Amino acid sequence: MDKKIINTASTPTDKPDFQSSNAQSSNAYQRHGRTTAIDDHSDLQVLKRIKRYLLPKDFTISPALLNEIVAGYDIGDPIADALAAQSIKFAKPLQHTILGDNSNHNPANNGLVNKDLATNSSFKALTEQFSSHPDWFDPKLAQIGAVAYRRYPLMLIWLLRNVALMAGYSIPALSLPLIQTGALMHDALPRLMRTYAYILAVSEHPSSNMSAVNQNKPIEQVLAIGSEGWRQSVQVRQIHTLVRQNLLKGKGNAATGLIPNAEQHHNPDGSWNTDYWGIPINQTDMIATHLQFSLLIMRGLRLLGARISTEEAEGILHLWNLASYWMGLI
């Protein structure tokens, strides 16, 4: 994942000027129905607040960035999608392969990895990714971020519920998969609790007591291999992959009769309309989700009066860089 996201940890200035060049005013990047002109919807409150609180004063959207964003709409999770195309659920076999016989603390997992799966190129690539930390990961910086992230628990859950998740739900392309799978209609509160459990798992650090609560061995470093955050990242990645494949096949029908039967929502056969929305749970939407849990919460803590230093802000973003990398962000 591009580590340039870390640069957003600097303190924002008020009322930025959201400029665009002549090249940006063209519709060259508008390859999906969901993309609009650069100045469209500029009166929306959510965009005004993003410009005021999250963007530098001199920020300009370049044509290259727009093209990169749009290109991401057509990319899901190539490695995990290749396994799903073979009807392979990888979470338990992957944990078993990396952690050994005690994976998931369940002896029944023995024998999950057969010879064909062990030699599967996509499974081997996924195993390599989850077996060690990438070279760019700095555990000391991540721990600094994790400690700061956990320092204000009441603020954290308030921001998760009322800011981070609401920001995601306000983006149609992010909320539509949740609506079509029924996650928002029938599973909203449990989903909130699962999300909260995940951000706690990601931010677990050696001096926290989460390992004792979960009856796990205390971790020695943030997002250690085999930690709760590591395990849940594997599970979340599999869930995202299965949801993506089901939506593409037209199996997300929980919202039938509840949302308009418009052509933009799905194809005539009920399958996901990729021409309009791009691939469900795509790379660009995953970056938006990454920023919800990292940048948005970090800035929210500051706006609510929390003392978050520049190093701690960078640590929070660095922590989520690894979690999102494990969840399939390229």
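Structure: see above.
Owing to the predicted nature of the structure, the values given are computational and were not obtained by experimental measurement. (Residues numbered from 1 in each chain as written. Predicted model: local features only at pLDDT ≥ 70, side-chain atom pairs only at ≥ 80, totals over all residues. Heavy atoms only, no water.)

## Overview of the side chain of His290
Phase 1: Note on placement: His290 falls in helix H14 (residues 283-303).
Phase 2: Under the relative-accessibility criterion, His290 is labelled buried at 2%.
Phase 3: One polar contact links His290 to Asn321, side chain to side chain, over a distance of 3.4 Å. (Helix = DSSP H or I, 4+ residues; strand = E, 2+ residues; numbered from the N terminus. Buried < 20%, exposed > 50% of the residue type's maximum accessible area, 1.4 Å probe, protein only. Polar contact = N/O pair within 3.5 Å; in protein donor to acceptor, adjacent residues only side chain to side chain.)

## Some details on the packing of aromatic side chains
Phase 1: The tally for this structure, following the rule as stated, stands at 7 aromatic pairs.
Phase 2: Each member of the aromatic cluster is reached from another via a ring pair, and the members are Tyr149, Tyr198, Phe293 and Trp320.
Phase 3: Sitting over the face of the ring of Tyr73, Arg34 holds its NZ or CZ atom 3.9 Å from the ring centroid. (Phe/Tyr/Trp six-rings, centres within 6.5 Å; stacked < 30°, edge-to-face > 60°. Lys NZ or Arg CZ within 6 Å of the ring centre and 35° of its normal.)

## Details of helix H9 (residues 172-180)
Phase 1: For H9, a buried count of 7 out of 9 residues is recorded, marking the element as mostly surrounded by other parts of the structure.
Phase 2: Three or more residues of H9 are buried, namely Ala173, Leu174, Ser175, Leu176, Pro177, Leu178 and Gln180.
Phase 3: Where H9 is buried, its residues touch helix H8 (153-169), helix H10 (188-202), helix H12 (228-248), helix H13 (274-277) and H14.
Phase 4: Positive phi shows up at Gly182, right after H9, with a value of about 85°. (Contact = heavy atoms within 4.5 Å.)

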